[in-house]
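Read off the chains here:
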Amino acid sequence: SKKPVRVAVTGAAGQIGYALLFRIASGEMLGKDQPVILQLLEVPVEGPQKALKGVMMELDDCAFPLLVEMTAHSDPMTAFKDADYALLVGSRPRGPGMERAELLAVNGAIFTAQGKALNAVASRDVRVLVVGNPANTNAYIAMKSAPDLPAKNFTAMLRLDHNRAASQIAAKTGKAVADIEKLTVWGNHSPTMYADYRFATIGGESVAQMINDQEWNANVFLPTVGKRGAAIIEARGSSSAASAANAAIDHMRDWALGTNGKWVTMGIPSGGEYGIPAETMFGFPVTCENGEYKIVEGLEIDAFSQERINITLAELEGEKAGVAHLL
Ligand code: NAI
């Protein structure tokens, strides 16, 4: 049987953590033949540490055959030791009345510390997914704080936006969500993201031609996907957790096990593709194979798309400038 891999998860006692850990332990992320060791990080505060113990009691009670070991941590230097995968879920999202500078400063502190810890103790091949918001900028901070690790191994979660877009398209066309190919979301995980179905197909047929309604695209589809997080909070009384955890599973599974040529969206450091400045943590269409992602290149960017890409890029560049002094 396979050698166990070490999966570190931060914010492990939070609501996404609760929807995520059981699926990692059951093999949905890395395969039903891949034993895992969970290394769970929470803040060094009594309440969350106690809640984490409770989650671990439930993980025990599932008797997952693939879960060979798990440990609780309050220090990233021990939580990330030899980690092969790190899912950085815990962060400080923007609260009501919170200033942007405060948000960036608090997360700057968290993600510089976690980036440095990954740099010091994680596997040299560690694959990192940042879920905690602002996800792209937090991933950028962690990457810049880990100079000895490959920059390409730091990624941000755009997959929830991708899956939300796929679901809206399936509803609009009346087709199966599973049959949608070549969909992508460009940019920041925020309402400025640009979900782009110009290249998408269903059963080989063009989605853009099937829908053939630019007014719907600009005024219904994009706002619906962009504001979906707020709509979930409004309806459920708390933020998306199961769908966020599901997207994290999808992102890591596809990265680790491959997509068979299918496009997915990942937030990754730009190598200058599509005019996105190098190192900007940006949502791109990718395919994955042998544990590596590859940007889908050579797509035509029309005027409408360029405008949307410029907006989401400007927002990201603003966030990047706001944390420059922390790095
Ligand atoms: P939550 O508040 O239920 O849980 C977060 C947990 O992280 C808490 O238990 C907290 O104690 C812990 N935490 C905070 N700072 C930490 C640190 N420095 N080290 C370790 N643990 C830490 O929040 P929830 O709902 O689980 O969401 C987590 C994050 O994911 C939020 O920032 C949220 O905005 C973000 N999110 C991102 C999405 C995406 O698509 N990228 C989608 C949905 C949520």
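Above this text sits the structure in question.
The structure presented is a predicted model; accordingly, all values stated were derived computationally and were not measured. (Residues numbered from 1 in each chain as written. Predicted model: local features only at pLDDT ≥ 70, side-chain atom pairs only at ≥ 80, totals over all residues. Heavy atoms only, no water.)

Novice: Explain the site of the ligand to me, please; I cannot follow it from the model alone.
Specialist: As a structural note, the neighbourhood of the ligand is formed by 24 residues, with Gln 15, Ile 16, Glu 42, Ser 91 and Asn 133 the closest of them. The backbone of Ile 16 places a nitrogen or oxygen atom 2.9 Å from an oxygen atom of the ligand. In isolation the ligand offers 870 Å² of accessible surface; the protein chains occlude 81% of this area. At the level of elements, helix H1 (15-25) and helix H4 (100-121) are the ones that each hand at least two residues to the shell around the ligand. The residue makeup of the shell around the ligand, split by class, is 12 nonpolar, 11 polar and 1 charged. (Near = heavy atom within 4 Å. Polar contact = N/O pair within 3.5 Å; in protein donor to acceptor, adjacent residues only side chain to side chain. Areas by Shrake-Rupley, 256 points an atom, 1.4 Å probe, with all protein chains shown as cover. Helix = DSSP H or I, 4+ residues; strand = E, 2+ residues; numbered from the N terminus. Nonpolar A, V, L, I, M, F, W, Y, C, P; charged D, E, K, R; others polar.)

Novice: What is the right way to look at the pairing of strand S4 (residues 85-88) in this model?
Specialist: Looking down a regular strand, the side chains alternate between one sheet face and the other. Alternating residues of S4 divide into Tyr 85 and Leu 87 and Ala 86 and Leu 88, and every residue in both groups is buried. With 4 bridges joining them, strand S1 (residues 5-10) and S4 adopt parallel strand pairing. Residue pairing for S4: Thr 10 is matched across the bridge by Leu 88. In terms of handedness, the path from S4 via H4 over to strand S5 (residues 127-130) forms a crossover that is right-handed. (Buried < 20%, exposed > 50% of the residue type's maximum accessible area, 1.4 Å probe, protein only. Pairing = 2+ DSSP bridges. Right-handed = clockwise from strand over helix to strand, strands pointing away.)

Novice: Just to check I follow, could you spell out the pairing of S1 for this structure?
Specialist: For S1, a buried count of 5 out of 6 residues is recorded, marking the element as mostly surrounded by other parts of the structure. The pairing of S1 with strand S2 (residues 36-41) spans 6 bridges and is classified as parallel. Bridging across to S2, Arg 6 finds its partner in Ile 37. Taken together, S1, H1 and S2 form a β-α-β motif whose crossover is right-handed.

Novice: Could you clarify how one ought to interpret the pattern of salt bridges in this entry?
Specialist: Summed over all chains, the structure comprises 13 salt bridges. The closest approach of N and O atoms between Lys 81 and Asp 82, which form a salt bridge, is 3.5 Å. Relative accessible area serves as the criterion here: at 37%, Asp 82 is assigned to the partly exposed category. Among the salt bridges present, the one from Glu 292 reaches Arg 127, with a minimum N-O distance of 3.3 Å. One end of the pair, Glu 292, is in strand S14 (residues 292-295); the other, Arg 127, is in strand S5, with 165 residues separating them in the sequence. The exposure class assigned to Glu 292 is partly exposed, which follows from its relative accessible area of 34%. Connected through shared salt-bridge partners, Arg 159, Asp 250, Arg 253 and Asp 254 make up one network. (Salt bridge = Lys/Arg side-chain N within 4 Å of Asp/Glu carboxyl O.)

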